[in-house]
Amino acid sequence: MERETPEPAAPATFLRGEEGASLESARARFERMIRRVQADVCAELEAVEGGAIDGGGGGALFREDAWTRPGGGGGISRVLQGGRVFEKAAVNVSVVYGVMPPEAYRAARPEAAAAAGAAGGEKAGPVPFFAAGVSSVIHPVNPFAPTMHFNYRYFETEAPKDAPGAPRQWWFGGGTDLTPSYIIEEDIRHFHSVQKQTCDKFDPSFYPRFKKWCDDYFCIKHRGERRGVGGIFFDDLNDYDQDTLLQFATECADSVLPAYIPIIERCKDIPFNDEHKAWQQLRRGRYVEFNLVYDRGTTFGLKTGGRIESILVSLPLTARWEYDHKPEVGSEEWKLLDTCINPREWI
């Protein structure tokens, strides 16, 4: 299993050989996009923390770790911890080559793997792959400020003649979703309206389709509830031309800050008490459950020997589990839980 090598600084590109010199390839364009988005998001979050400093609090900055893989590619992990506004925020990029075992291919593309099996095709062998993506999870301190997650990725598989069952393919995936501890309808409607505006630039069917996909994907099945209030989610997307979908992923990634920063600015200084904080910790326990049990990215990373610190960086610093906890019916906590059990249309 390949292990990463720490690097003193990130290279200009993680692409191999001639691919790094081909500026207009899908791989090169996607890498430039995700590295720009990483820089933009980190700068904006540090600016919010800087505002906290100006207001007399203590701010925090992102720590950066660059790494490479023996098989090709690498990544940049940026993590902020212990801030006044953000308890933990991570914005990672990775551009990696490798060979994934069949179980990792099934984790990455369960529908495609199932279809191949149903068609009676030969069992897939190890599958050469290329994957690039930007992924972020932001956990604020204030219980009234929601957690936000986004991930946008580009994937290719290519099977040689001696590895049947996995033909050469490419696809895009990703999404942006919101996980509050308390329902503030104005904020949730704003968040969803930004997602819809972005989707509508490309296809008016995208938002309702990807909103439902998000509600279905982020379901904690053993609890019968969603992780949060959703957003958009899509995967295995290759039913448009490559340039269109690359531009769509770019627009989605660029919509993250307009969707989230106004919410943080409104909520970061709302007064809260110990009961609010305890509820936030219980909801973060649900976040941990989903990520470790169901999340495709976590499963794929663990099965392909990915960088463990980067894979698990989505987990909050603190979480809580209480035996048989049930919020009082009609309470603000109950309203959040009811929404997670019964997803709503926000716009």
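Where an unreviewed UniProt entry is consulted, the protein appears under the name Oxygen-dependent coproporphyrinogen-III oxidase, chloroplastic, with the organism given as Urochloa decumbens. Under Sequence similarities (unreviewed entry), UniProt gives the following word-for-word description of the protein: "Belongs to the aerobic coproporphyrinogen-III oxidase family."

Student: Give me the lowdown on the overall build of the protein, citing residues and values where you can.
Tutor: The secondary structure content of the protein amounts to twelve helices and ten strands. Taking all 347 residues of the protein together, 53% fall into the buried category. Looking at the protein alone, contacts between residues at least 24 apart form 73% of all its contacts between residues at least 6 apart. For the protein, the accessible surface area stands at approximately 15,200 Å², while carbon and sulfur atoms represent 53% of it.

Student: Could you give me a rundown of the nonpolar core, with the residues and numbers involved?
Tutor: Formed by 66 residues in total, the largest nonpolar core has its most connected members in Phe30 and Phe86. Ranked by residues supplied to this core, first place goes to helix H2 (residues 26-54) with ten residues. When sequence neighbours within four positions are dropped, the list of residues in contact with Phe86 reads Leu45, Val48, Glu49, Leu80, Ile138, His139, Pro140, Val141 and Ile264. The next biggest cluster of nonpolar side chains, apart from the first, holds nine residues, and it includes Trp67, Val127, Trp171 and Phe300.

Student: Report on the packing of helix H5 (residues 185-200) against helix H6 (residues 206-217), specifying residues and quantitative values.
Tutor: Interhelical geometry of H5 versus H6 gives an angle of 130° and a closest axis separation of 8 Å. On the basis of the axis angle, H5 is oblique to H6. Contacts between H5 and H6 involve His192, Gln195, Lys196 and Cys199 from the former and Phe206, Tyr207, Phe210 and Lys211 from the latter. When grouped by side-chain class, the residues that make up the contact of H5 with H6 number four nonpolar, two polar and two charged.

Student: How would you summarise H5 if you had to cite specific residues and measurements?
Tutor: Taking 1.5 Å per residue, 16 residues should reach 22 Å; H5 reaches 22 Å between its end C-alpha atoms and fits that length. Looking at H5, one finds that the buried residues are Asp187, Ile188, Phe191, His192, Val194, Gln195, Thr198 and Cys199. Within H5, the buried residues cover an arc of 150° as seen down the axis, which keeps them to one side. Contact partners of the buried residues in H5: strand S6 (147-157), strand S7 (169-179), H6, strand S10 (230-237), helix H7 (242-254) and helix H8 (256-267).

Student: Give a description of the pattern of salt bridges that names residues and reports values.
Tutor: One pass over the full model with this rule turns up 30 salt bridges. Across the pair Arg296 and Asp235 runs a salt bridge whose closest N-O atoms are separated by 2.4 Å. Residue Arg296 is located in helix H10 (residues 296-303), and its partner Asp235 is located in strand S10; the two are separated by 61 residues in the primary sequence. According to the relative accessible area criterion, Asp235 is buried, its value standing at 4%. Among the charged side chains, a salt-bridge network with shared partners connects Arg36, Asp40 and Asp254.

Student: Which residues make up the sheet that holds S6, and what values go with them?
Tutor: As summarised here, the arrangement of the eight strands in space is S1-S2-S3-S4-S5-S6-S7-S10, forming an open sheet in which the pairing is antiparallel. Every interior strand has two partners, whereas the edge strands, strand S1 (5-7) and S10, have only one. Adjacent strand axes in the sheet meet at a mean angle of 15° when their direction is disregarded. In this structure, S1 lies alongside strand S2 (residues 63-68), joined through three bridges in antiparallel fashion. Bridge pairing in S2 links Thr5 to Thr68. Against the sheet, H5 touches S6, S7 and S10, its axis set at about 30° to S10.

Student: So what about empty space enclosed by the protein? Which residues, and what values?
Tutor: Any empty space left between atoms is shown by rolling a water-sized probe over those atoms. Going through the model one piece at a time under the given rule, you end up with four cavities of 30 Å³ or more. Considering the residues around the largest cavity, the lining is formed by 46 residues, among which Ser94, Ser135, Asn151, Gly297 and Thr298 are closest to the centre. Where the lining of the largest cavity is concerned, the elements lending two or more residues are strand S4 (86-100), helix H3 (102-108), strand S5 (127-140), S6, S7, S10, H10 and helix H11 (308-311). The element best represented in the lining of the largest cavity is S5, accounting for eight residues. The residue makeup of the lining of the largest cavity, split by class, is 21 nonpolar, 18 polar and seven charged.

Student: Talk me through a nonpolar patch on the surface; I want residue IDs and the actual numbers.
Tutor: Together, Leu292, Val293, Leu302, Ile308 and Leu312 make up an exposed nonpolar region whose accessible area comes to about 410 Å². Structurally, the position occupied by Leu312 is in the loop between H11 and helix H12 (332-341).

Student: I'd like to hear about the pairing of S7, residue by residue, with values.
Tutor: Counting buried positions along S7 yields nine of eleven residues, so the element is predominantly enclosed. When S6 meets S7, the two strands line up antiparallel, connected through eleven bridges. Each bridged residue has a counterpart across the sheet, and for Thr157 the counterpart in S7 is Gln169.

Student: I'd like to hear about the state of the cysteines, residue by residue, with values.
Tutor: Taken as a whole, this structure holds zero disulfides when the rule is applied. No disulfide involves Cys252; its sulfur sits 5.4 Å from that of Cys199, the nearest cysteine.

How each quantity is defined
- Residues numbered from 1 in each chain as written.
- Predicted model: local features only at pLDDT ≥ 70, side-chain atom pairs only at ≥ 80, totals over all residues.
- Heavy atoms only, no water.
- UniProt positions renumbered as here; feature names shortened; annotations may be inferred.
- Helix = DSSP H or I, 4+ residues; strand = E, 2+ residues; numbered from the N terminus.
- Buried < 20%, exposed > 50% of the residue type's maximum accessible area, 1.4 Å probe, protein only.
- Contact = heavy atoms within 4.5 Å.
- Areas by Shrake-Rupley, 256 points an atom, 1.4 Å probe, with all protein chains shown as cover.
- Core = buried A, V, L, I, M, F, W, Y, C linked by side-chain atoms within 4.5 Å.
- Axes fitted to C-alpha atoms, helices over the stretch in contact; angles between N-to-C directions.
- Parallel < 35°, antiparallel > 145°, perpendicular 65-115°, else oblique.
- Nonpolar A, V, L, I, M, F, W, Y, C, P; charged D, E, K, R; others polar.
- Expected span 1.5 Å × (residues − 1).
- Arc of directions from axis to C-beta.
- Salt bridge = Lys/Arg side-chain N within 4 Å of Asp/Glu carboxyl O.
- Pairing = 2+ DSSP bridges.
- 1 Å grid on protein atoms, 1.4 Å probe; cavity = no way out; pocket = protein on both sides within 12 Å on 5 of 7 lines; lining within 4 Å.
- Points joined across faces, edges and corners; volume = space filled by probe spheres on them.
- Patch = residues over 30% accessible without salt bridge, like charges linked within 9 Å, V, L, I, M, F, W, Y side chains within 5 Å.
- Disulfide = S-S within 2.5 Å.

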